[in-house]
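Now for the letters of each chain:
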Amino acid sequence: MSGAVLLFAIFGGLLFLNVPIAVSLGVASVVMMILRGAPLSVFPMIFSSAVAKFTLLAVPLFIMTGVIMEKAGISKRLIRLANCLVGHLPGGLAIVGVLTCMFFAAISGSGPATVAALGVVLMPAMIENGYDPGMAAALMATAGGIGVIIPPSIPFVLYGVIAEQSVARLFIAGVVPGIIVGMSLMVASLWVAIRHNYRGVARASLRETWSAFIDAFWGLMAPVIILGGIYGGIFTPTEAAAVAVVWGLMVGIFVYKEITWNTLWETLIDAGSSTAVCMLVAASASAFTWVVTVEGITTRISESLLSFTSSPVVYLLIVNIILLIAGCFIDAISAFYVFTPILLPVALRLGIDPVAFGVIMTVNLAIGLVTPPVGMNLYVACGISKVSLKRISASIVPFLIASLVALVIVTYIPSVSLWLPNAVGVK
């Protein structure tokens, strides 16, 4: 049995047995090392070096930022502002859900965190206003995926480290694609609302809208400080993550006064556990990537893909199919470590921009957050709404179609991703 077949057979078999993905990646890597006679002392070295990178320090800090912003009460203030702006439209609360996810995405950098922070308020409100519970949960799960596209984005940080690309450039490249995904979901929400006669809420007065804006101002300033500081050359993405944590604590403690010592302790515990899971997966996936490289699997797969097609259009179609299928079974962090070393070299040889390619991968894996059986956002939405996975999966179809339309636009119009970084001059 060839090394590639054996490696992926072990990995796939463990996943089939419902073994956690970090363990599956690690065990498959160790078994292959033993079979090939590689010294096992290499494994802990790879494991530690994978996470001992300054750029990756942004991951736990952005995770903590998202948790702090939720505990500080920023999410409910963003919801109130969005409701004043678009809540009166047909399907207004659904559009509010998408718009608020776009706001919160510019703070959290995580899909599940976005669903958890906003879904707990919006899903009950939508159901109370006559929306189908499955539709409400499906919409919030899908819109939560915008959290990994609009910067700051944890997947962009990981891709930047793996592909050796500028995280700042990746961040700004994700802005327009994130807006396109959001607008596609708004159109789908409007279509579903008209079809099921979901009406909007009462139109807010100018005074109410201004009051909501003032109340949400400090939360809205978070992405301005984070992204403005990065693009202005004031600090790196990692330093921006640290600044975001400090800003969130100041707003939560001194402005909104919703973070107490007990809340702060809960915040540290939540952020620490989420970071531990993320870094464990990253470290195990790095070992898996090392085995893939040493076995020559990367080179053989790349040559096979190039022999199959030399057309960038066809290759990107293949990439999308591979990543959409992979997103059904493995999480985004693992997917980046497993597929970037395989797919990116071929993309570079075909003249595809690596930053645009990173955005394509991220949008694909954002869709993977809502495709069963492993779609993380689905489980978060199910837990909040108490809706079954079967019901939410049936309701997600129009939002999934809207996301796929946005994916096609991002894939085949690279200027969607590259125009803003080039205009701003971010390298």
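In this text the structure is predicted, and so the values were computed from the model without any measurement.

Considerations on the overall build of the protein
The secondary structure content of the protein amounts to 22 helices and zero strands. In summary, the protein has a C-alpha radius of gyration of 21 Å against a globular reference of 22 Å for 427 residues, a match within 12%. Each of the three principal axes of the protein carries a C-alpha extent, and together these read 70 × 45 × 45 Å. Per-residue burial for the protein yields a buried fraction of 57% across its 427 residues. Across the protein, the fraction of contacts at a sequence separation of at least 24, relative to all contacts at a separation of at least 6, is 79%. Accessible surface for the protein amounts to roughly 17,400 Å². Of this, 71% is attributable to carbon and sulfur atoms.

Notes on the confidence of the model for the protein
The predicted coordinates ought not to be read in detail in places where the model reports low pLDDT. Of the residues in the protein, 99% reach a pLDDT of 70 or more, and the chain-wide mean stands at 86. When the elements of the protein are averaged for pLDDT, helix α15 (residues 297-308) gives the smallest value, 77, and helix α21 (residues 397-412) the largest, 95.

A look at empty space enclosed by the protein
Scanning all chains against the criterion turns up one cavity of 30 Å³ or more. If you add up the space inside the largest cavity, you get close to 70 Å³. Contributing to the lining of the largest cavity are Thr142, Gly145, Ile146, Ile149, Val181, Val363, Ala366, Ile367, Val370 and Ser403. It is helix α18 (residues 354-368) that contributes the most residues to the lining of the largest cavity, three residues altogether. Residues of the lining of the largest cavity, tallied by class, amount to seven nonpolar, three polar and no charged.

Describing the pattern of salt bridges
One pass over the full model with this rule turns up seven salt bridges. In this structure, Arg391 engages Asp132 in a salt bridge whose closest nitrogen and oxygen atoms are separated by 2.9 Å. Note that Arg391 is positioned in helix α20 (residues 389-395) and Asp132 in the loop between α7 (111-128) and α8 (133-144), a separation of 259 residues in sequence. The exposure class assigned to Arg391 is partly exposed, which follows from its relative accessible area of 40%. Relative accessible area serves as the criterion here: at 26%, Asp132 is assigned to the partly exposed category. When salt bridges that share partners are traced, they join Lys76, Arg77, Arg80, Asp215 and Glu258 into one network.

A closer look at helix α12 (residues 206-231)
Where α12 bends most, at Phe217, the angle is about 55°. Buried within α12 are the following residues: Thr209, Ala212, Ala216, Gly219, Leu220, Ala222, Pro223, Ile226, Leu227, Gly229 and Ile230. Tucked into the core, α12 has its buried residues touching α4 (58-71), α5 (74-86), α6 (92-108), α10 (167-173) and α13 (237-255). Once α12 ends, the next one or two residues include Gly233, with phi positive near 75°.

With respect to the packing of α5 against α12
Running from N to C, α5 and α12 point in directions that differ by 145°, and their axes come no closer than 8 Å. Note on packing geometry: the crossing formed by α5 with α12 is left-handed. Residue-level contacts link Ile74, Arg77, Leu78, Arg80, Leu81, Cys84 and Leu85 of α5 to Glu208, Thr209, Ser211, Ala212, Phe213, Asp215, Ala216, Gly219 and Leu220 of α12. Across the contact of α5 with α12, the residue classes tally to nine nonpolar, three polar and four charged.

Things to note about α6
Between its first and last C-alpha, α6 extends 24 Å over 17 residues, near the 24 Å set by a 1.5 Å rise per residue. Burial analysis of α6 places 16 of its 17 residues in the buried class, which makes it a mostly covered element. The first or second residue beyond α6 is Gly109, which carries a positive phi of 80°.

Remarks on the environment of Ala125
By the secondary structure assignment, Ala125 is in helix α7. The exposure class assigned to Ala125 is partly exposed, which follows from its relative accessible area of 23%. For the pair Ala125 and Ala285, spaced 160 residues apart in sequence, the C-alpha to C-alpha distance is 40 Å.

Some words on the packing of α4 against α6
At their nearest, the axes of α4 and α6 sit 8 Å apart, and the two run at 135° to each other. With respect to α6, the element α4 is oriented oblique. Facing Phe62, Thr65, Gly66, Met69 and Glu70 of α4, the residues of α6 in contact are Phe104, Ile107 and Ser108.

Focus: the environment of Ile226
Here Ile226 is to be found in helix α12. With a relative accessible area of 2%, Ile226 lands in the buried category. In sequence terms Ile226 and Gly375 are 149 residues apart; their C-alpha atoms lie 28 Å from each other. Beyond its immediate sequence surroundings of up to four residues, Ile226 is in contact with Phe62, Ala106, Pro152, Phe235, Ala240 and Ala244.

Considering the nonpolar core
Ranked by internal contacts, the top residues of the largest apolar core, which has 161 residues, are Val59, Met135, Tyr315, Phe339, Leu343, Phe357 and Ile392. When residues no more than four places from it in sequence are discounted, the contact partners of Val59 are Ile154, Val157, Leu158, Cys278 and Met279.

Looking at the packing of aromatic side chains
Any pair of aromatic rings gets described here by the distance separating the centres and the angle formed by the planes. If you walk through the whole model with that rule in mind, you get nine aromatic pairs. Measuring from centroid to centroid gives 5.7 Å for Phe8 and Phe288, while their planes differ by 75°, and the two rings are edge-to-face. Of the two residues, Phe8 is situated in helix α1 (residues 3-16) and Phe288 in helix α14 (residues 261-294); the sequence distance between them amounts to 280 residues. Overall, Phe8 belongs to the partly exposed group, its relative accessible area being 31%. Taken together, the ring pairs connect Trp210, Phe213, Phe217, Trp218 and Trp247 into an aromatic cluster. Over the aromatic face of Tyr256 sits the side chain of Arg77, whose NZ or CZ is 3.7 Å from the ring centroid.

Parameters at a glance
Residues numbered from 1 in each chain as written. Predicted model: local features only at pLDDT ≥ 70, side-chain atom pairs only at ≥ 80, totals over all residues. Heavy atoms only, no water. Helix = DSSP H or I, 4+ residues; strand = E, 2+ residues; numbered from the N terminus. Rg over C-alpha atoms; globule rule 2.2 N^0.38 Å. Buried < 20%, exposed > 50% of the residue type's maximum accessible area, 1.4 Å probe, protein only. Contact = heavy atoms within 4.5 Å. Areas by Shrake-Rupley, 256 points an atom, 1.4 Å probe, with all protein chains shown as cover. pLDDT = per-residue confidence, 0-100. 1 Å grid on protein atoms, 1.4 Å probe; cavity = no way out; pocket = protein on both sides within 12 Å on 5 of 7 lines; lining within 4 Å. Points joined across faces, edges and corners; volume = space filled by probe spheres on them. Nonpolar A, V, L, I, M, F, W, Y, C, P; charged D, E, K, R; others polar. Salt bridge = Lys/Arg side-chain N within 4 Å of Asp/Glu carboxyl O. Bend = angle between axes of the 7 residues up to and from the residue. Axes fitted to C-alpha atoms, helices over the stretch in contact; angles between N-to-C directions. Left-handed = near helix turned anticlockwise from the far one by under 90°. Expected span 1.5 Å × (residues − 1). Parallel < 35°, antiparallel > 145°, perpendicular 65-115°, else oblique. Core = buried A, V, L, I, M, F, W, Y, C linked by side-chain atoms within 4.5 Å. Phe/Tyr/Trp six-rings, centres within 6.5 Å; stacked < 30°, edge-to-face > 60°. Lys NZ or Arg CZ within 6 Å of the ring centre and 35° of its normal.

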